[in-house]
Amino acid sequence: MTMSDAVVRFDRLTRWFGERAALSDFTLDVPRGSVYALLGRNGAGKTTALRCLLGLMRPTRGRAEVLGMDAATLPPAARARIGFVAEGQTLVPWMKVRMLGEFQGATMPGFDAAVFSAHLDRLGIDASQRVKNLSRGQRAQVALALALAPSPELVILDDPAMGLDPVVRREFLEVMIDLVHAEGRTVLFTSHVLADVERVADHVAILHQGVLRVSGAVDDVKSRIVRVHAHFDGDAPAAPELAGVLKSSARGRALSLTVCDGPEAVSEWARTHGAVKLDVERLTLEDLFIDYTTSPVTGGGAAA
Amino acid sequence: MILRIDPSSPEPLFQQLVNCVKSAVATGRMRPGDKLPSVRELARELVVNPNTVARAFQVLDAEGVTYSRRGSGTFVAEPRPTLRKDEGLRRYRAALDALLADALHMGLDAHDMWGGFEESLAELHFPPRGEEEREDDDE
């Protein structure tokens, strides 16, 4: 990837809070036009990364670049090229939707009221309604419409689907696909709903305890990681200390090993240790997320 | 046309879509000349990233299941078995080699393997193919 292809670039970004590193040497490129999902458990460092990216927080070390500029010193004109919807973003409850647009338009360079109202029409939201009378899903959609009104090149969504019921979440996803991606924008978002991620994202990165564990195109990440189930005649031997072994669990005669970058070495090990049957299973995004985020960071499977 | 995907399956979504279309064509639910929905329509209908749909269409085009015409869309192609026989045979052999190697590691002998192969083969349903012996490739 050349420099110009990355809309967002994290370069050894590190942020400490007191004695705790919220983010350690986080390095990641977000290619232009991609829909990039940043995954991790609560406290994994996702929001810290996004805050540094928006210039809302200073990194302890390293840097975040956005649209080719240092995020820490982003001029307002550049900021207007980025749409952001914060986690659980609150909208002023007594305002009418139209007023929200006017309010935002007065303070944000590049805000296009016509674009805002076109998005509202498309979403079927009546601009004369007060925020407090909107459903939770509609409020999320209004927040997205506000973020999209300046036609930003980059849209950052921090857990946009949080707290939405399945029907509203689906509507929100449709909007994401329709409004956000179809116009060739870059989207960086966090989520805990992995089935949604699978649908809309083309790239994924998994953070665990502030450390990037894996990143890349969704299909590549999924194809790199498999689970090998080895069955033995007697009790299964202890799991091997092989590079690439992410996680292991033994149950009686069976030993299951989650491995990245090919099952060959592990399969060979199992055969020489008397495995009578080997099954190689592909993992769902959810399975591999769980294996990455419940295994020790010092183990195999360094971030790609 | 019924195309379904399962986002909680380990199989990549684009591959699920490819398999869906192949199976729809193989069972006659989609016929040569039928038009597929556009990338955008299908992305919206299935609620998936349009790149995923576009990738599935590329694979289907590359495998000769469909063809795309710029500006008019993607259509189910006429079956062209002779065009793809070499490549099909190559992939079949590669998959077979891996399977047999695995069977060997599991301790099966040639007799076990052959017996299993015959049983599985007998369960397959082969559609009648009048043009199967055609040798002339017009492309």
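Residues numbered from 1 in each chain as written. Chains lettered and ligands numbered in written order. Predicted model: local features only at pLDDT ≥ 70, side-chain atom pairs only at ≥ 80, totals over all residues. Heavy atoms only, no water.

Q: Help me get a handle on the domain arrangement of chain A, residues and values and all.
A: All names here are of chain A. Assigned domains within chain A: domain 1 (3–209) and domain 2 (221–293). In this structure, domain 1 and domain 2 have C-alpha centres spaced 37 Å apart. In this assembly, 10 residues from domain 1 lie in contact with 8 residues from domain 2. Between domain 1 and domain 2 lies a buried interface of about 840 Å² when both sides are counted; carbon and sulfur atoms form 76% of it. Interface area lost by domain 1 to domain 2 is led by L194, E198 and I206, which between them contribute 58%. (Domains from an automatic or database assignment. Contact = heavy atoms within 4.5 Å. Buried area = accessible area lost by both parts, 1.4 Å probe.)

Q: Which residues make up the packing of aromatic side chains, and what values go with them?
A: How two aromatic rings sit relative to each other is set out by the distance from centre to centre and by the angle between their planes. Taken as a whole and judged by the stated rule, the model has 4 aromatic pairs over all chains. Here F111 of chain A and F116 of chain A contribute two aromatic rings whose centre-to-centre distance is 5.8 Å and whose plane-to-plane angle is 50 degrees, an arrangement assigned as tilted. The exposure class of F116 of chain A is buried, given its relative accessible area of 4%. Summarising the aromatic geometry, the rings of W114 of chain B and F117 of chain B are spaced 5.7 Å apart at their centres and angled 25 degrees between planes, so their arrangement reads as stacked. Of this pair, W114 of chain B and F117 of chain B are both found in helix 5 (residues 110–123), 3 residues apart, which corresponds to roughly one turn of the helix. (Phe/Tyr/Trp six-rings, centres within 6.5 Å; stacked < 30°, edge-to-face > 60°. Buried < 20%, exposed > 50% of the residue type's maximum accessible area, 1.4 Å probe, protein only. Helix = DSSP H or I, 4+ residues; strand = E, 2+ residues; numbered from the N terminus.)

Q: I'd like a description of helix 3 (residues 97–107) of chain A, backed by residues and values.
A: The α-helix winds at 3.6 residues per turn, so residues separated by three or four positions along the chain end up facing the same way. All names here are of chain A. Within helix 3, the full set of buried residues consists of V97, L100 and G101. Across the axial projection of helix 3, the buried residues extend over an arc of 100 degrees, all falling on one side. Those residues of helix 3 that are exposed and angled more than 90 degrees off the buried face are E102, A106 and T107. (Arc of directions from axis to C-beta.)

Q: Can you break down the sheet that holds strand 5 (residues 69–70) of chain A residue by residue, with the values?
A: All names here are of chain A. One open sheet holds the 4 strands; their spatial order is 2-1-4-5, and the pairing between them is antiparallel. This sheet does not close on itself; its edge strands, each paired only once, are strand 2 (20–31) and strand 5. For strand 1 (residues 6–17) and strand 4 (residues 61–66), the ladder comprises 5 bridges, and the chain directions are antiparallel. In the sheet register, R9 faces strand 4, and the bridge partner there is E65. Sitting on the sheet, helix 1 (residues 46–53) is in contact with strand 1, strand 2 and strand 4, with an inclination near 115 degrees to strand 1. (Pairing = 2+ DSSP bridges. Axes fitted to C-alpha atoms, helices over the stretch in contact; angles between N-to-C directions.)

Q: With reference to specific residues and values, describe the sheet that holds strand 3 (residues 35–39) of chain A.
A: Residues and elements named next belong to chain A. Taken in spatial order, the 6 strands line up as 6-7-8-3-9-10 in an open sheet, and their pairing is mixed. Looking at which strands have only one partner, the edges of the open sheet turn out to be strand 6 (82–85) and strand 10 (211–217). Averaged over neighbouring strand pairs, the angle between their axes works out to 15 degrees when direction is ignored. Contacts from helix 10 (residues 285–293) reach strand 3, strand 9 (203–208) and strand 10, with the element oriented near 30 degrees to strand 9.

Q: I'd like to hear about the nonpolar core, residue by residue, with values.
A: All names here are of chain A. By size, the foremost hydrophobic cluster in this structure holds 76 residues, and its most contacted members are V142 and F189. Residue contributions to this core peak at 8 residues, all from helix 5 (residues 136–148). Those residues in contact with F189 that sit more than four places away from it in its chain are V35, Y36, A37, L38, L157, M176, V197, V200 and A201. By size, the runner-up hydrophobic cluster in this structure holds 30 residues, among which are V8, L28, A49 and L207. (Core = buried A, V, L, I, M, F, W, Y, C linked by side-chain atoms within 4.5 Å.)

Q: How would you sum up helix 5 of chain A? Please name residues and give values.
A: Residues and elements named next belong to chain A. Compared with the 18 Å implied by 1.5 Å per residue over 13 residues, the 19 Å span of helix 5 between its first and last C-alpha is a close match. In terms of burial, helix 5 is largely enclosed, as 10 of its 13 residues are buried. All buried positions along helix 5 are accounted for by G137, A140, Q141, V142, A143, L144, A145, L146, A147 and L148. (Expected span 1.5 Å × (residues − 1).)

Q: Tell me about the pattern of salt bridges, and please be specific about residues and values.
A: Residues and elements named next belong to chain A. Evaluated as defined, the whole model comprises 17 salt bridges over all chains. Between D196 and R169 there is a salt bridge; the shortest N-O distance is 2.7 Å. One end of the pair, D196, is in helix 7 (residues 194–200); the other, R169, is in helix 6 (residues 166–181), and 27 residues separate them in sequence. Exposure remark for D196: the relative accessible area of 5% places this residue in the buried category. One salt bridge in this structure joins R227 and D291, with 3.0 Å as the shortest N-O distance. (Salt bridge = Lys/Arg side-chain N within 4 Å of Asp/Glu carboxyl O.)

Q: If you had to explain the side chain of R227 of chain A to someone new, which residues and values would you point to?
A: Residues and elements named next belong to chain A. Locating R227 in the fold gives a position in strand 11 (residues 225–232). On the accessibility criterion, R227 (17% relative accessible area) is buried. In terms of polar contacts, R227 uses its side chain to reach the side chain of D291, at 3.0 Å. (Polar contact = N/O pair within 3.5 Å; in protein donor to acceptor, adjacent residues only side chain to side chain.)

Q: Can you lay out the confidence of the model for chain B for me, pointing to particular residues and giving the numbers?
A: On average, residues of chain B score 82 in pLDDT, and 83% of them reach the 70 mark or higher. Averaged pLDDT values over the elements of chain B bottom out at 79 in helix 4 (residues 81–105) of chain B and peak at 93 in strand 2 (residues 73–76) of chain B. (pLDDT = per-residue confidence, 0-100.)

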